[in-house]
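Remarks on the overall topology
Below, each chain spelled out in residue letters.
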Amino acid sequence: MRIALYPGTFDPITLGHIDIIRRAAVLVDRLVIGVAINRDKGPLFSLKERVAMIEAECVALTEETGTEIVAHPFDNLLIHCAHDVGAQIIVRGLRAVADFEYEFQMVGMNRALDNTVETVFLMADAGHQAIASKLVKEIARLGGDVTRFVTPPVRVALAGKFN
C-alpha cells in the first residue's frame, strides 16, 4: 500500500491546499494530512478546528479520488510522523522559488534522518500560486473577500473569528 504524508499547519486550509491534496490522492492509496501543532506560529484556529475543517473538505475528495484521506495531528519531527503513519512518501506543495529553497533544505535533513522516505514536490496550480494561509487570514481580518481562496465553510469559519 502506498501511503503519503502531506504536512502543514493548514491555518486555515485553502483552495491551494485542496488542489495539492486532490493531485496527491491520485498517486497513492492512502493520504495522511499531517496537521502540525506549531505553537511558534500562533495559529488562528485551534488544532481541533483545523482537523475538523480538513476532515470536512476531504470527504468529497475521498469520494472523487477513491483514496482514503485522513487528518493526523502531530507535534514531533516530520520524519517521525511519517514513521507513525507508515508513509513512504512526503508530499510538499510548491508555489514559488522561495518555497523550493526552504523545502530543499528540509529534504536534505529528512533524508539524513531516514533516506527510505522520499519527498515528492507538487507545483501549485497557476490559479493558486499566490494563496497563502497567512495572507488569507490577513485579508479576512481586514474585511476583504476571501471567496477566491477558500471554500464557503472555511470562509464562514474565518468570518466567525473576525466578527
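Preceding block: the structure.
Every value quoted in this text rests on a predicted model; they were computed, and no experiment measured them.

Our focus in this paragraph is the overall build of the chain. Helix and strand counts for the chain come out as six helices and five strands. For the chain, the sequential pattern of α-helices and β-strands runs β-α-β-α-β-α-β-α-β-α-α. Taken over C-alpha atoms, the radius of gyration comes to 15 Å for the chain, in line with the 15 Å a tight globule of 163 residues would show. In terms of its C-alpha atoms, the chain occupies a principal-axis envelope of roughly 45 × 35 × 30 Å. When burial is assessed residue by residue, the chain has 44% of its 163 residues classed as buried. If you take every contact in the chain between residues at least 6 apart in sequence, the share linking residues at least 24 apart comes to 76%. Of the roughly 8,700 Å² of accessible surface on the chain, 57% is carried by carbon and sulfur atoms.

Mapped onto the fold, I3 is located in strand β1 (residues 3-8). C-alpha of I3 to C-alpha of P153: the two residues are 150 residues apart in sequence and 28 Å apart in space. Filtering out sequence-adjacent residues up to four positions away, I3 remains in contact with R30, V32, V85, G86, A87, Q88 and I89.

Considering the arrangement of structural elements, one finds H17 in helix α1 (residues 15-25). Excluding residues that lie within four positions of it along the chain, H17 makes contacts with Y6, F10, P12 and S133.

We now examine the environment of T116. Assignment of secondary structure puts T116 in the loop between α4 (97-113) and β5 (118-123). According to the relative accessible area criterion, T116 is exposed, its value standing at 59%. Here the alpha-carbon distance between T116 and Q88, two residues 28 residues apart in the chain, equals 7.1 Å. At 2.5 Å, the side chain of T116 and the side chain of D114 are in polar contact.

Oppositely charged side chains are able to pair whenever their charged atoms sit close together. Going through the model one piece at a time under the given rule, you end up with nine salt bridges. For E68, the salt bridge identified is with R30, shortest N-O distance 3.0 Å. Here R30 lies in strand β2 (residues 30-36) and E68 lies in strand β3 (residues 68-74), a separation of 38 residues in the sequence. On the basis of relative accessibility, which here comes to 37%, the residue E68 falls in the partly exposed class. Of the charged contacts in the structure, one is a salt bridge between R141 and E138, with a shortest N-O distance of 2.8 Å. A residue pair is termed a helical-turn pair when its members lie 3 or 4 positions apart in one helix, as R141 and E138 do in helix α5 (residues 133-141) at three residues. Look at E138 and you get partly exposed, because its relative accessible area is 35%.

Attention now moves to the sheet that holds β2. A sheet is described by the order of its strands in space; here five strands give the open sequence β3-β2-β1-β4-β5, paired in parallel fashion. Edge positions in the sheet fall to β3 and β5, since each of these pairs with one other strand and no more. On average, each strand axis in the sheet is tilted by 30° relative to the strand beside it, whichever way the strands run. Of the pairings in the sheet, the one linking β2 to β3 comprises seven bridges and is parallel in character. By the bridge assignment, A36 is partnered in β3 with F74.

Before going further, it helps to spend a moment on α5. Within α5, burial applies to S133, V136, K137 and A140. Viewed end-on, α5 has its buried residues packed into an arc of 100°, placing them on one side of the element. Packing partners of the buried residues in α5 comprise α1 and α6 (152-162).

Cut-offs applied
Residues numbered from 1 in each chain as written. Predicted model: local features only at pLDDT ≥ 70, side-chain atom pairs only at ≥ 80, totals over all residues. Heavy atoms only, no water. Helix = DSSP H or I, 4+ residues; strand = E, 2+ residues; numbered from the N terminus. Rg over C-alpha atoms; globule rule 2.2 N^0.38 Å. Buried < 20%, exposed > 50% of the residue type's maximum accessible area, 1.4 Å probe, protein only. Contact = heavy atoms within 4.5 Å. Areas by Shrake-Rupley, 256 points an atom, 1.4 Å probe, with all protein chains shown as cover. Polar contact = N/O pair within 3.5 Å; in protein donor to acceptor, adjacent residues only side chain to side chain. Salt bridge = Lys/Arg side-chain N within 4 Å of Asp/Glu carboxyl O. Pairing = 2+ DSSP bridges. Axes fitted to C-alpha atoms, helices over the stretch in contact; angles between N-to-C directions. Arc of directions from axis to C-beta.

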